[in-house]
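Each chain, written out:
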Amino acid sequence: MAMLNRYLGCRLREGRGPIKVDAGSDVIDKEENYVKRNEEDEHGGTFIELFNLRIWYDHALYSAKEKTLLKIAKILQNLAPKSPQRLLEEKFISLLQSCKSPKCLQQIQAQVTAHGFVYNEYITPRFVTAYAELKRMDYARRLFDGNPHPDIVLWNAMFKGYVRSELYVEVVLLFNHMKSVDVKPNCFTFPMVLKSCAKLPALQEGERVHCFLLKIGFRSNPFIGTTLIEMYSSGGAVGCAYNVFREMVVRNVVAWTSMINAYISSRDVVSARSLFDLAPVRDVVLWNTMVSGYIECRDMVAARRLFDEMPNKDLMSWNTLLNGYANNSDVDG
């Protein structure tokens, strides 16, 4: 690298012009903004002229050094002796993970308070999670309400606890409270809120959440987009679901599956199959979803034909088809 650095510097100081690099170079593939394709030279070979190779090289070298330093810092941090406070935090967290009753949690909470960790950013969310696992969200809410400045991790722990306890109305109410106190949600917040709107179902509330997330810049998140598709589908608004799907910047196989499932839920197997045929990637879940769609429409011929085309079949594939034959009174299928 040192030799290359000196060589590049000499060329630039001598005014010898840009360097020609072969078109297959990995350097060119990674930095297209610095290149310009030329016509074939007199030898017939295709070259790429790199005008800012030195700038790119310095940037790449700096980035590599920065990543190396970060790795070294992380290793040193793990090797360094932990502070008494951090050791105590880890001890309390370990106790919480082994706790199996509300009484045990309250005893630990008393010790946490006695040691001045009542609003600790690491311990408090673990308390909420532990109470949620025991279906005692009333205790979790009391702890949350007592915190004067809950961070986003604590808010999300509350949302997750309410979802786990199937208290979907509480999720929506807490989200409205979150907006009223000007706390900005993150990409983990919206899927839980949208899922709750779908479960209620509360389509109008879901539409308001959709408008809010667009306003604060979460349009391009694929996980949120998939949850929006499911929310609109649960409310029967398949057209709105497709609009979300169409506007998604990144559509992974989960998004394709959700949209196809939305059509199947509305008994539009024709649109579902059309979208299935357009899917760039089809995993076994997507294949199973489409087969299930035909079965729900009592079209066992189409279901069997698609099943036979599947490149890979898992246990769910076979069970889906066999249950389809049984439910459609075709035991000879």
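Refer to the structure printed above.
Notes on the structure in this doc start here. The structure presented is a predicted model; accordingly, all values stated were derived computationally and were not measured.

### Let's talk about a nonpolar patch on the surface
Stage number 1. On the surface, Val 169, Leu 173 and Leu 200 cluster together into a nonpolar patch covering about 240 Å² of accessible area.
Stage number 2. Note on placement: Leu 173 falls in helix H9 (residues 168-180).

### A few points about the state of the cysteines
Stage number 1. If you walk through the whole model with that rule in mind, you get 1 disulfide.
Stage number 2. With a sulfur-sulfur separation of 2.3 Å, Cys 99 is cross-linked through a disulfide to Cys 104.
Stage number 3. Residue classification places Cys 99 among the buried positions, given a relative accessible area of 9%.
Stage number 4. Judged by its relative accessible area of 24%, Cys 104 is partly exposed.

### Comments concerning helix H18 (residues 315-327)
Stage number 1. End to end, H18 covers 18 Å across 13 residues, agreeing with the expected 18 Å (1.5 Å per residue, within 8%).
Stage number 2. For H18, the complete set of buried residues consists of Ser 317, Thr 320, Leu 321, Gly 324 and Tyr 325. For H18, the buried positions fall inside an angular range of 130° around the axis, keeping them on one side. Residues of H18 that are exposed and point more than 90 degrees away from the buried face comprise Leu 315, Met 316, Leu 322 and Asn 327.
Stage number 3. Summarising the contacts, the buried residues of H18 are in contact with helix H16 (284-296) and helix H17 (300-309).
Stage number 4. Residue Asp 314 occupies the N-cap position of H18, its side-chain oxygen lying 3.2 Å from the main-chain nitrogen of Met 316.

### What to know about the environment of Phe 245
Stage number 1. Mapped onto the elements, Phe 245 comes out in helix H13 (residues 238-247).
Stage number 2. On the basis of relative accessible area, Phe 245 is assigned to the buried category, the value being 3%.
Stage number 3. In sequence terms Phe 245 and Pro 222 are 23 residues apart; their C-alpha atoms lie 9.5 Å from each other.
Stage number 4. With residues up to four places along the chain from it excluded, the contact list for Phe 245 reads Ile 229, Arg 251, Ala 255, Trp 256, Met 259 and Leu 275.

### What to know about the packing of H9 against helix H10 (residues 189-199)
Stage number 1. The geometry of H9 relative to H10 is characterised by a closest axis approach of 8 Å and an angle of 135° between their N-to-C directions. Our classification of the angle between H9 and H10 gives oblique. As H9 runs across H10, the sense of the crossing is left-handed. On the side of H9, the interface is formed by Tyr 168, Val 171, Val 172, Phe 175 and Met 178, while H10 contributes Thr 189, Phe 190, Met 192, Val 193, Ser 196, Cys 197 and Lys 199.
Stage number 2. Split into classes, the residues belonging to the contact of H9 with H10 amount to 9 nonpolar, 2 polar and 1 charged.

Here is what the cut-offs are and how they apply
- Residues numbered from 1 in each chain as written.
- Predicted model: local features only at pLDDT ≥ 70, side-chain atom pairs only at ≥ 80, totals over all residues.
- Heavy atoms only, no water.
- Patch = residues over 30% accessible without salt bridge, like charges linked within 9 Å, V, L, I, M, F, W, Y side chains within 5 Å.
- Areas by Shrake-Rupley, 256 points an atom, 1.4 Å probe, with all protein chains shown as cover.
- Salt bridge = Lys/Arg side-chain N within 4 Å of Asp/Glu carboxyl O.
- Helix = DSSP H or I, 4+ residues; strand = E, 2+ residues; numbered from the N terminus.
- Disulfide = S-S within 2.5 Å.
- Buried < 20%, exposed > 50% of the residue type's maximum accessible area, 1.4 Å probe, protein only.
- Expected span 1.5 Å × (residues − 1).
- Arc of directions from axis to C-beta.
- Contact = heavy atoms within 4.5 Å.
- Polar contact = N/O pair within 3.5 Å; in protein donor to acceptor, adjacent residues only side chain to side chain.
- Axes fitted to C-alpha atoms, helices over the stretch in contact; angles between N-to-C directions.
- Parallel < 35°, antiparallel > 145°, perpendicular 65-115°, else oblique.
- Left-handed = near helix turned anticlockwise from the far one by under 90°.
- Nonpolar A, V, L, I, M, F, W, Y, C, P; charged D, E, K, R; others polar.

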